[in-house]
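Chain by chain, the residues run as shown.
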Amino acid sequence: MHTSTLRTCALGALLAAALPVQAAPMGFKDSWMAMGDAGPNWRELYVNYAYTARDAIGASATWMRADDHGITREIDEVTYTRLVKRWNMKHAQANVWFVGGIGALRGDGPTRLMATPGVQLDYETTRVYLGATHRLYRASGINHDVSSARAGFSFYETDYDQTQPWLVLEARRMHDLSGRTELTPMLRLINKRYFIEAGMNNMHQARFNFMYIF
């Protein structure tokens, strides 16, 4: 087999292995995924089980607080994730995801039923990532919708069993919780089935995120 063919096969294998770790909100069939997002005003822990290659069910716990500390809320919900569409390209992949849930909202008043449907779009290679998410957080008299966009690049390519460093920039907006757009550059480290990322936003607040597939 020619060297160029070997390189193509190796890159294809690396791509297939690395892409699900990048940003997908669920893992492969029969896998469990745990994700976390921790910061001063937003904390989320999310676990799901992929019962098909395109569907996952799980649970999440979210704590949110306004910039001025005037609003604090907690949500416990059952979640559903669906891979709506996937495009496999040469050395690249694009996806459309549905992510949503329903559960109990507590804080600043009586407990209410909250629905959180949303959509995620992403495009990724072994060196570049682009993504956008919009998710509704709606209950009676409450709108805390969250929109975010991400762009990132890897510093260099690695083998499948090696850690790959990335630089990711996220812009996030949270309705009725913050009057500002949060900008956070983060260093991300990916290795096989997990990633961790950490950074500091434009409000001088630390962020830490993780994901693990098992």
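Residues numbered from 1 in each chain as written. Predicted model: local features only at pLDDT ≥ 70, side-chain atom pairs only at ≥ 80, totals over all residues. Heavy atoms only, no water.

> Just to check I follow, could you spell out the environment of Asn143 for this structure?
Here Asn143 lies in strand 10 (residues 142–143). Asn143 sits 34 residues away from Leu177 along the chain, and the two C-alpha atoms are 9.5 Å apart. Setting aside its immediate chain neighbours within four residues, Asn143 contacts Tyr137, Arg138, His175 and Asp176. Within the structure, the side chain of Asn143 is placed 3.0 Å from the backbone nitrogen of Asp145, a separation counted as a polar contact. (Helix = DSSP H or I, 4+ residues; strand = E, 2+ residues; numbered from the N terminus. Contact = heavy atoms within 4.5 Å. Polar contact = N/O pair within 3.5 Å; in protein donor to acceptor, adjacent residues only side chain to side chain.)

> Please explain the nonpolar core as it appears in this structure.
A general feature of soluble globular proteins is that nonpolar side chains tend to end up buried together. Trp42, Met64, Ala66, Ile75, Leu105, Met114, Tyr137, Ala139, Ile142, Val146, Met174 and Leu177 together form the largest nonpolar core, which totals 12 residues. With residues near it in sequence (within four places) discarded, Met174 still touches Trp42, Asp145, Val146 and Glu182. (Core = buried A, V, L, I, M, F, W, Y, C linked by side-chain atoms within 4.5 Å. Buried < 20%, exposed > 50% of the residue type's maximum accessible area, 1.4 Å probe, protein only.)

> Teacher, can you tell me more about unusual backbone geometry here?
Keep in mind that most residues, glycine aside, have a negative phi and that most peptide bonds are trans. The backbone of Lys192 sits at a positive phi, close to 55°, despite the residue not being glycine. By secondary structure assignment, the location of Lys192 is in the loop between strand 13 (182–191) and strand 14 (194–200). The exposure class of Lys192 is partly exposed, given its relative accessible area of 39%. Even without glycine at this site, His204 takes up a positive phi of about 60°. Residue position: His204 is located in the loop between strand 14 and strand 15 (206–213).

> I keep staring at the confidence of the model for the protein chain and nothing clicks. Help me out?
Detailed conclusions should not be drawn from predicted coordinates in areas where pLDDT is low. With 89% of its residues at a pLDDT of at least 70, the protein chain reaches an overall mean of 90. Throughout residues 1–20 the model reports pLDDT below 50, and contacts reaching past four residues in sequence, or to other chains, amount to 19 contacts. (pLDDT = per-residue confidence, 0-100.)

> Just to check I follow, could you spell out empty space enclosed by the protein for this structure?
Over the atoms, a rolling probe the size of a water molecule traces out where space has been left empty. For the coordinates displayed, the defined rule picks out four cavities of 30 Å³ or more. Reported here for the largest cavity is a volume of approximately 710 Å³. Looking at the largest cavity, it is lined by 32 residues, and the ones nearest its centre are Met35, Asp37, Glu44, Gln120 and Thr133. With five residues, strand 8 (residues 128–135) is the single largest residue contributor to the lining of the largest cavity. (1 Å grid on protein atoms, 1.4 Å probe; cavity = no way out; pocket = protein on both sides within 12 Å on 5 of 7 lines; lining within 4 Å. Points joined across faces, edges and corners; volume = space filled by probe spheres on them.)

> Please explain the pairing of strand 7 (residues 118–124) as it appears in this structure.
On strand 7, burial follows the alternation: Gly118, Gln120, Asp122 and Glu124 on one face are buried, whereas Val119, Leu121 and Tyr123 on the facing-out side are not. Judged from the seven bridges that link them, strand 7 and strand 8 form a sheet pairing that is antiparallel. Within strand 8, the residue paired with Asp122 across the bridge is Gly131. Between strand 7 and strand 8, which follow one another and run antiparallel, lie three residues. (Pairing = 2+ DSSP bridges.)

> Can you help me understand the side chain of Asp145 in this one?
Tracing the backbone shows Asp145 in the loop between strand 10 and strand 11 (146–154). Accessibility expressed as a relative area gives 9% for Asp145, which makes it buried. Separated by 2.7 Å, the side chains of Asp145 and Arg138 make a polar contact. Excluding residues within four positions of it along the chain, Asp145 makes contact with His134, Arg135, Leu136, Tyr137, Arg138, Arg173, Met174 and His175.

> Looking at this structure, I do not really get the side chain of Arg150. What am I missing?
Within the secondary structure, Arg150 sits in strand 11. A polar atom in the side chain of Arg150 sits 3.0 Å from the side chain of Glu170. At 2.7 Å, the side chain of Arg150 forms a polar contact with the side chain of Glu197. Not counting the four nearest positions on each side in its chain, Arg150 is found in contact with Tyr129, Leu130, Gly131, Val168, Leu169, Glu170, Met186, Arg188, Glu197, Arg207 and Asn209.

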